[in-house]
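Okay, here's what each chain looks like letter by letter:
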Amino acid sequence: MTTTHLLNTGWTLTAVSDEVAIADVPAVVPGCVHTDLLAAGLIPDPYLDDNEVRLAWIGRTTWAYETIFQWSADEHANTDLVCEGLDTVATLLLNGVEVARTANQHRSYRFPVRHLLEEGDNRLTVIFDSAYEYAERLREALGDRPGAYKEPYQFIRKMASNFGWDWGPTLVTAGIWKPIALESWTGARLAQVRPLITTRPALGGVDGRVEVHVTIDGCVDEPTTVTAEIDGVSAHIVLAAGEQEGVLSLDVPSPALWWPRGHGPQARYTLEVRLGDQVWTRMVGFRSVELDGDAFTIAVNQAPVFVRGVNWIPADCFPTRVTRELLADRFGQAIDANVNLLRVWGGGLYESEDFYDLADELGLMVWQDFPFACAAYPEEEPIRSEVEAEARQNIVRLSPHPSLVLWCGNNENIEGHADWGWQDALAGRSWGGGFYFDLLPGLVAELDPSRPYWPGSPYSGAPDLPPNDPARGTIHIWDVWNREDYLHYGTFRPRFVAEFGFQGPPSYAVMRQAISGELSADASLVLHHQKAEDGNAKLLRGLRPHLPEPRTFDDWHYLTQLNQARAITYGIEHFRAQMPDCMGTILWQLNDCWPVTSWAVIDSAGHRKPLWHALRRIYADRLLTVRDGVVTVINDSPDPWQGEITAIRSRLDGDLLAKEILTLSADARSVQRIPLPETVSVPDDPATELITASVREHRAFGFFAEDIGIDWPAARYDTRVDRVADGYRISVSAHTILRDLAIFPDRLDPHATVDDMLLTLLPGEVAQITVNTDRDLDVAALVRSPVLRVLNEGLR
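Residues numbered from 1 in each chain as written. Predicted model: local features only at pLDDT ≥ 70, side-chain atom pairs only at ≥ 80, totals over all residues. Heavy atoms only, no water.

**Comments concerning the layout of surface pockets**
Definition in use: The distinction between a cavity and a pocket rests on a 1 Å grid over the protein atoms alone: a 1.4 Å probe fits inside a cavity but cannot get out, while a pocket stays open yet meets protein on both sides within 12 Å along at least five of seven lines, and a residue with an atom within 4 Å of a point counts as lining. Grid points are joined across faces, edges and corners, and a volume is the space filled by probe spheres set on the points. Each helix is a run of H or I in the DSSP string that is no shorter than four residues. Each strand is a run of E no shorter than two, and both are numbered from the N terminus. Residues are grouped as follows: nonpolar covers Ala, Val, Leu, Ile, Met, Phe, Trp, Tyr, Cys and Pro; charged covers Asp, Glu, Lys and Arg; every other residue, Gly included, is treated as polar.
Estimates place the volume of the second largest pocket at around 1500 Å³. Lining the second largest pocket we find 42 residues, and of these Thr 569, Glu 573, Ala 700, Phe 701 and Arg 739 sit closest to its centre. Elements with a contribution of two residues or more to the lining of the second largest pocket: α14 (553-576), α15 (610-618), β33 (622-627), β39 (698-703), β42 (738-743) and β44 (759-761). Of the residues belonging to the lining of the second largest pocket, the class tally is 20 nonpolar, seven polar and 15 charged.

**With respect to the sheet that holds β39**
What counts, and what does not: Whether two strands pair comes down to DSSP finding at least two bridges between them. In this description, a line fitted to the C-alpha atoms serves as the axis of each element, helices being fitted only across the stretch in contact, and the angle between N-to-C directions of two axes falls anywhere from 0 to 180 degrees.
As summarised here, the arrangement of the four strands in space is β36-β35-β38-β39, forming an open sheet in which the pairing is antiparallel. The open sheet has two edge strands, β36 (656-666) and β39, and neither has a second partner. If you compare each strand with its neighbour and ignore which way they point, the axes differ by 20° on average.

**Side note on the pattern of salt bridges**
Heads up, the rule is: Each salt bridge in this description consists of a side-chain nitrogen of Lys or Arg and a carboxyl oxygen of Asp or Glu lying within 4 Å of one another. Remark: exposure states derive from per-residue accessible area (1.4 Å probe, protein chains only) relative to the maximum for the residue type, with buried under 20%, exposed over 50%, and partly exposed in between.
In this structure the tally under the stated criterion is 52 salt bridges. Residue Arg 209 pairs with Glu 211 through a salt bridge whose shortest N-O separation is 3.2 Å. Look at Arg 209 and you get partly exposed, because its relative accessible area is 23%. Assessed through its relative accessible area of 24%, Glu 211 is described here as partly exposed. When salt bridges that share partners are traced, they join Arg 268, Arg 324, Asp 354, Asp 357 and Glu 361 into one network.

**With respect to the sheet that holds strand β17 (residues 224-230)**
Sheets are built from strands that pair by backbone hydrogen bonding, the pairs being arranged parallel or antiparallel. Read across the sheet, four strands follow the order β18-β17-β20-β21 without closing on themselves; strand pairing throughout is antiparallel. Single-partner strands in this sheet number two, and they are β18 (233-239) and β21 (278-284). Going from strand to strand, the sheet's axes swing by 15° on average, the running direction of each strand aside. Inspection of the sheet shows β17 paired to β18 by seven bridges, in the antiparallel sense. Residue pairing across strands places Ile 230 opposite Val 233, the latter belonging to β18.

**Re empty space enclosed by the protein**
Rolled over the atoms, a probe as big as a water molecule pinpoints where empty space is left. Enumeration according to the criterion identifies seven cavities of 30 Å³ or more in this entry. The computed volume of the largest cavity comes to approximately 160 Å³. Along the wall of the largest cavity there are 17 residues; nearest its centre are His 607, Arg 608, Asp 746, Val 754 and Met 757. Secondary structure elements with two or more residues in the lining of the largest cavity: α14, α15 and β43 (753-754).

**A few points about the packing of aromatic side chains**
Inclusion rule: When two rings of Phe, Tyr or Trp (its six-membered ring) have centres within 6.5 Å they constitute a pair, described as stacked for plane angles under 30 degrees, edge-to-face for angles over 60, and tilted for the intermediate range.
Under the criterion given, the structure shown has 44 aromatic pairs. Ring geometry for Trp 57 versus Trp 63: centroids 6.1 Å apart, planes at 40°, classification tilted. An angle of 75° between the planes, with centres 5.6 Å apart, marks the rings of Trp 345 and Trp 588 as edge-to-face. Of this pair, Trp 345 sits in the loop between β26 (341-344) and α5 (353-362) while Trp 588 is found in the loop between β32 (584-587) and α15, placing the two residues 243 residues apart along the sequence.

**Quick word on the nonpolar core**
Our working rule: Nonpolar core, defined: a set of buried Ala, Val, Leu, Ile, Met, Phe, Trp, Tyr and Cys residues in which side-chain atoms within 4.5 Å join the residues together. The criterion used for residue contact is that any of the two residues' heavy atoms lie within 4.5 Å.
Formed by 130 residues in total, the largest nonpolar core has its most connected members in Phe 370 and Leu 615. Setting aside anything within four residues of it in sequence, one finds Leu 615 in contact with Val 310, Ala 337, Val 339, Ile 572, Leu 587 and Val 601. Counting residues in hydrophobic clusters, the runner-up holds 37 residues, among them Val 29, Ile 58, Trp 71 and Leu 92.

**Looking at α5**
Three or more residues of α5 are buried, namely Phe 355, Tyr 356, Leu 358, Ala 359 and Asp 360. Packing partners of the buried residues in α5 comprise β21, β25 (307-312), α4 (324-336), β26, β27 (365-369) and α6 (383-398). Positive backbone phi, at 80°, marks Gly 363, one or two positions downstream of α5.

**Re the pairing of β21**
Across seven bridges, the pairing between strand β20 (residues 269-275) and β21 is antiparallel. Bridging across to β21, Thr 270 finds its partner in Met 283. As consecutive antiparallel partners, β20 and β21 are separated by two residues, and within that stretch Gly 276 has a phi angle of approximately 60°, a positive value.

**As for the environment of Gly 363**
Structurally, Gly 363 can be placed in the loop between α5 and β27. Spatially, the C-alpha atom of Gly 363 lies 36 Å from that of Leu 182, the residues being 181 residues apart in sequence. In contact with Gly 363, not counting residues within four places along its chain, are Trp 258, Trp 259, Pro 260, Arg 261, Gln 266 and Asn 340.

Printed below as a string of structure tokens:
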């Protein structure tokens, strides 16, 4: 029998400092220092203006959390203090007696404390030393290591991006960030459950097998029975006195399989394990996953899957603010953009149970980086033991989830060691290779052998190969954005692109909320919310070969968001057209953690940037592209795609110049390339003509010049606005071609959304766009600049 006493109330926060006069502030557990001080009105919002800079002292201060709780002796023999998450360098005292010291945000802890408990009032104190000071001491002791940033994040097992990144602020947190409780128990305790779930071919289908590895704790002087059940199949095992480990095997005939979205349903089953009154329950799924490392092809249930992925960063700098509802919203936005995989990036966290449970439910595959990113990491103690402990815990914790398809050792550290000049700086010191090539693959093989492990990304499959070789494994493409024009994507023939991206600003509403001063591209507070090196200059440099020079802030905002969408469209269309030689793209990045100009598809408030609307089209199951005299038909659906493509060359004013009918016949999960006849592919005047290729609801445009080289007619159109149940329906009737029509209703209501964007209308066409809002908006403002934008209006 077990009983649990949650310790989530009555906490106070005090600065242990002669320089900071903060004491007995009401604290929320789970939580962190920043959110407690913010709730008490003692600090300004760290996300607004440049407040971040003035709050750096928080991360360099020692803090004490304290609570007094009641306890009375009970019938149990054992009472443990269970800490699911401590951030990070903690000393725990119960009634003034030191219980333990910890230094790992990524771990949970259990400490026996019954001998320290007293009848009545008990005082629990958790002192958090400065993460900075701890990391800097280790850096001094172990020797410096190179990294992408000067902060000491590789010397502490903590969310690296807390120390700042090229999209995030420096807000070094401390606190009890997951639940904390007293757990009392007697006899045997179900300490660990690790199900190994596999499938095997059977007559007429597939059978499933669950091997439940159990570990019990406690003084067990008599036989102990453990039972397990799934889908009506049950098993039990009797552990002899003193025996603490066992395996229960359950064979499930012909289970329904779990599939990634777009490939089948997400069947899940309840697995229940019992020891006395203790019950461990999880929803699990039957599926197989294999990785062809050279081609870097992920196959689920022996079916190759083209990965349409996005990189996931922590959704908030303060993780306790990330609720299941927020995750469900972001996941829904990802699914609506036709995403099928989330890569949990190595500078963040092992995410919450809600994260993986939602991914299981929704059919989103998960690629999980171990938390190492963009630095050489010391392999000496105490880091090595902490890495092994956290990896063991989290491999066991996450292994029941069918959505998890890949463990990856790190982000960019193998590339850094090989190509970024680290070896000279290291002078023979350790850098993390022992983790990625030895420790972590060994732990995965021991604890989760049903899943593939990959040492890092980018990585070409062997330590002696160039890690960022497009011909093998995974690559990251960052010369586009940093140096090269986005047309450079077209020179790549990759097997799998695990990172690439292009920046754009967040929504106007987010910028206006986060920045109290002037909104201009070079305003100091705007630049503070741009963390990439020379970021705003790169935005303009990337825009100039393609789009007009912005004349106002409103132009800059629209055009740089548009150029972000154009860049990613160009890249993904190119990579998808190479299927099956290229079997995946993982865009950097889906989400933001604070208000910032970044590579994100969705900003920190959940607004979908124009890029989201582009991604929905280019990640669709079926896609047409027109490029270099070829129509490419991409059919990543389970059914053949057949029909006739109408290919037209016309003038911008709509005059027909040539028309051809092409035969479309693309097998399921295939690509068809159809050369255009010269009557369509060769223009008389590149500045005034375009190609349209269409089949039913699918349409693609091809232009013979960049926008700045096209003789666009001045946009002419009519609009009509109708009030509807959920907001407004806007009809736009084009008298001329309208290029990249967009409506930004958040300029009128920060919570308003729009159902479509970046539309190109030919003369005579009508588009209907729905604005969702519960407010009464200025109807005239809805259909004029800067809310309604068209590329060929007012920018000539």
